[in-house]
Amino acid sequence: MPLLIQNGRVIDPASNTDAVADVLIADGRIATVGPGLSPAGAEVFDAGGMIVAPGFIDMHVHLREPGFEHAETIESGSRAAAAGGFTSICCMPNTKPVNDSVTVTSYIVDRARSKAVVNVFPIGAITKGSAGEEIAAIGGMKAAGAVAISDDGQPVMNARVMRRAMEFARSYDLPVIQHCEDLTLSAGGDMHEGAQSVRWGLRGIPAASEDVMVARDLVLAHLTGARYHVAHISTANSVAMVAYARRQGLPVTCEATPHHFSLTDEDMRAYDSNYKMKPPLRSSPHREAVLYALARGTVTAIATDHAPHAGSDKMQEFERCPFGVIGLETALGLALEHLYAPGLVTLPRLVELFTTGPESVMRLGRGTLAPGAPGDVTIFSTDVDWTYDVNNSPSRSRNSPFHNRSFRGGPMATVVAGEICWKR
Ligand SMILES: [Zn+2]
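Summarised in this report is the structure supplied together with it.

So, how was this worked out
Residues numbered from 1 in each chain as written. Predicted model: local features only at pLDDT ≥ 70, side-chain atom pairs only at ≥ 80, totals over all residues. Heavy atoms only, no water. Helix = DSSP H or I, 4+ residues; strand = E, 2+ residues; numbered from the N terminus. Rg over C-alpha atoms; globule rule 2.2 N^0.38 Å. Buried < 20%, exposed > 50% of the residue type's maximum accessible area, 1.4 Å probe, protein only. Phe/Tyr/Trp six-rings, centres within 6.5 Å; stacked < 30°, edge-to-face > 60°. Lys NZ or Arg CZ within 6 Å of the ring centre and 35° of its normal. Pairing = 2+ DSSP bridges. Contact = heavy atoms within 4.5 Å. Axes fitted to C-alpha atoms, helices over the stretch in contact; angles between N-to-C directions. Core = buried A, V, L, I, M, F, W, Y, C linked by side-chain atoms within 4.5 Å. Polar contact = N/O pair within 3.5 Å; in protein donor to acceptor, adjacent residues only side chain to side chain. Expected span 1.5 Å × (residues − 1). Parallel < 35°, antiparallel > 145°, perpendicular 65-115°, else oblique. Left-handed = near helix turned anticlockwise from the far one by under 90°. Nonpolar A, V, L, I, M, F, W, Y, C, P; charged D, E, K, R; others polar.

Considerations on the overall build of the protein chain
Next up, step 1: The secondary structure content of the protein chain amounts to 14 helices and 18 strands.
Next up, step 2: Compactness check: the protein chain gives a C-alpha radius of gyration of 20 Å against a globular reference of 22 Å for 424 residues, within 12% of the reference.
Next up, step 3: Considering only C-alpha atoms, the protein chain reaches an extent of 65 × 45 × 45 Å along its principal axes.
Next up, step 4: Looking at the protein chain residue by residue over its 424 residues, the buried ones come to 61%.

Right, dumping it as structure tokens:
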């Protein structure tokens with residue numbers, strides 16, 4: 001049955017649309033966008049007072065399948081994505097086995113087809129086993145459906161290997177996504193190196209560990225011409241260097257996570273592992289640099305780095321806990337609160353950060369409501385009041401620093417290929 005989304009404020013940055021209109025989806029694709037549509041026999045969703053946007057894309061999630069299904073599966077992660085307003089997610093390769101081969105890429109594509117409620121796009125590893133030594137089967141993975149390469153979780157430490165990876169990526173026209181962390185500077189660290197880590201007696205991860213890797217990679221991106229993307233950017237210097245590279249015209253992009261633009265190390269609850277992630281929550285000047293980079297356009301996309309860990313893993317002493325927090329369901333609420341409400345970005349710019357921005361890096365053929373495009377739509381409100389209860393999350397994990405937090409504004413309904421797969 002066709003789906004008619006009525007009376008919403010349609011914001012589609014890709015086609016420069018910002019107007020009250022109806023959106024008609026038929027046969028899984030956008031059919032028409034315009035005022036006063038009344039086709040016979042369509043299911044109707046009244047979006048009066050709401051924003052109707054192209055389906056949101058999260059270019060950085062961890063789905064934990066295969067290998068760690070107790071923490072998340074492709075199905076549970078996709079349901080959490082739908083509840084966060086995301087219609088497409090790209091999953092990082094640090095599964096078990098690592099997605100460094102056609103076999104694993106194909107497995108993920110098949111599982112997603114039968115189990116996922118949103119579109120799932122695998123990201124292949126840069127190196128075999130993400131061990132940082134031998135280049136993975138990039139061409140084969142691309143043919144099987146991989147949309148980018150990354151060793152996320154692990155940085156590619158060896159500059160020669162990274163150079164080679166960028167050359168391959170360039171010839172396959174894939175973006176290289178780097179988790180920027182010089183391990184020789186960060187090893188043993190548990191949180192941002194600064195006054196707070198000293199106070200708590202925890203070992204620090206200096207901002208320089210990110211900066212050094214971003215600097216090296218930008219030199220290599222210049223050398224190779226590869227499309228290069230910095231994952232979860234978190235420091236003032238990294239932001240400045242990416243801005244510089246972009247001004248030089250290099251095909252360089254970066255993403256920021258909701259936790260990095262909404263929290264600092266001073267917001268952490270002492271020794272609470274739900275605040276432990278990589279890169280760590282930084283100090284206030286770094287957070288502000290990321291916020292302004294989002295506003296100015298240096299940051300191309302908001303990505304969650306949704307990183308589920310099972311309760312038993314996160315219930316250890318702080319130093320022993322794994323890094324990472326879940327984030328799919330709280331991303332839009334945090335973006336509205338920290339970017340839109342204070343006037344740092346307009347609503348069209350906010351929508352860009354979730355749609356055309358990540359689309360420009362990943363090239364999924366999505367992120368627009370143009371007729372003929374996939375019928376993926378995110379419907380959200382800027383004034384709905386709601387509270388996040390992580391215990392109701394469709395995710396299999398509970399490691400969120402935003403449990404019990406109240407939000408103004410958030411997703412209202414998520415439509416994938418013309419079907420409502422979640423609504424508030
Ligand atoms: Zn990472």
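Re the packing of aromatic side chains
Next up, step 1: The full count for this structure, using the stated rule, is 7 aromatic pairs.
Next up, step 2: Ring centres 5.9 Å apart and planes at 55 degrees place the aromatic pair Phe56 and Phe380 in the tilted group. Placement of Phe56 in strand E6 (residues 56-61) and of Phe380 in strand E16 (residues 377-387) is noted, with a sequence separation of 324 residues between them. Comparing Phe56 with Phe380, the two get one shared label, buried.
Next up, step 3: A connected cluster of aromatic rings, assembled from ring pairs, spans Phe56, Phe86, Phe354 and Phe380.
Next up, step 4: Its guanidinium or amino end placed over the ring of Trp386, Arg424 lies 4.8 Å from that ring's centre, counting from NZ or CZ.

Thoughts on the sheet that holds strand E9 (residues 149-150)
Next up, step 1: The strand order across the open sheet formed by 5 strands is E9-E10-E13-E14-E15, and the pairing between neighbours is parallel. Both edges of this open sheet fall to E9 and strand E15 (301-302), since each of them pairs with a single strand only.
Next up, step 2: With 2 bridges connecting them, E9 and strand E10 (residues 176-178) associate as parallel partners. In the sheet register, Ser150 faces E10, and the bridge partner there is Ile177.
Next up, step 3: With respect to the sheet, helix H7 (residues 207-224) is in contact with E10, strand E13 (228-230) and strand E14 (252-256), its orientation differing from that of E13 by roughly 170 degrees.

Looking at the nonpolar core
Next up, step 1: Counting residues in hydrophobic clusters, the biggest one holds 107 residues, and the most contacted among them are Ile5, Ile379 and Phe380.
Next up, step 2: Not counting residues within four places of it along the chain, the set of residues in contact with Ile379 comprises Ile5, Phe45, Ala47, Met50, Ile51, Val52, Pro411, Met412, Ala413 and Val415.
Next up, step 3: Grouped together as the second largest cluster of nonpolar side chains are 15 residues, Met92, Ala303, Val361 and Leu364 included.

Describing the sheet that holds strand E7 (residues 86-91)
Backbone hydrogen bonds are what pair the strands of a sheet, in a parallel or an antiparallel way.
Next up, step 1: Taken in spatial order, the 3 strands line up as E6-E7-E8 in an open sheet, and their pairing is parallel. Edge strands, defined here as strands with exactly one partner in the open sheet, are E6 and strand E8 (119-122). Within the sheet, the average angular offset between the axes of one strand and its neighbour, ignoring direction, is 20 degrees.
Next up, step 2: The pairing of E7 with E8 spans 4 bridges and is classified as parallel. Bridge assignment links Cys90 to a residue of E8, and that residue is Phe121.
Next up, step 3: Docked against the sheet, helix H1 (residues 74-83) engages E7 and E8, running at close to 135 degrees with respect to E7.

Overview of the side chain of Ser234
Next up, step 1: Among the structural elements, Ser234 can be located in the loop between E13 and helix H8 (236-247).
Next up, step 2: Residue class for Ser234 comes out buried when judged on its relative accessible area of 2%.
Next up, step 3: At 3.0 Å, the side chain of Ser234 forms a polar contact with the side chain of Arg282.
Next up, step 4: Contact partners of Ser234, with chain neighbours within four places excluded, come to Glu210, His260, Pro279, Arg282, His286 and Val290.

Let's talk about unusual backbone geometry
Next up, step 1: Here the bond from Glu65 into Pro66 is cis, since omega is 10 degrees, no more than 30 degrees from zero.
Next up, step 2: Its place among the elements puts Pro66 in the loop between E6 and H1.
Next up, step 3: Note the cis peptide between Lys278 and Pro279, where omega equals -10 degrees.
Next up, step 4: Relative to the helices and strands, Pro279 resides in the loop between helix H9 (258-262) and helix H10 (284-296).
Next up, step 5: Although it is not a glycine, Asp27 adopts a positive phi angle of roughly 50 degrees.

Comments concerning H10
Next up, step 1: Taking 1.5 Å per residue, 13 residues should reach 18 Å; H10 reaches 18 Å between its end C-alpha atoms and fits that length.
Next up, step 2: Buried within H10 are the following residues: His286, Arg287, Ala289, Val290, Leu291, Ala293 and Leu294.
Next up, step 3: Positive phi appears at Gly297, one or two residues downstream of H10, with a value of about 105 degrees.

A word on the environment of Met166
Next up, step 1: Position of Met166 among the secondary structure elements: in helix H4 (residues 159-172).
Next up, step 2: Considered as a pair, Met166 and Met362 are 196 residues apart in the sequence and their alpha carbons are 16 Å apart.
Next up, step 3: Those residues in contact with Met166 that sit more than four places away from it in its chain are Val176, Asp217, Leu220, Ala221, Thr224, Ala226 and Tyr228.

A short note on the packing of H1 against helix H2 (residues 102-115)
Next up, step 1: Close contact between H1 and H2 brings their axes to 9 Å; oriented N to C, the two are set at 60 degrees. Comparing the axis directions of H1 and H2 gives the class oblique. The way H1 lies across H2 gives a crossing that is right-handed. Contact residues: Ile74, Glu75 and Ser78 in H1; Ile108, Arg111, Ala112 and Lys115 in H2.
Next up, step 2: For the contact of H1 with H2, the class distribution of residues is 3 nonpolar, 1 polar and 3 charged.

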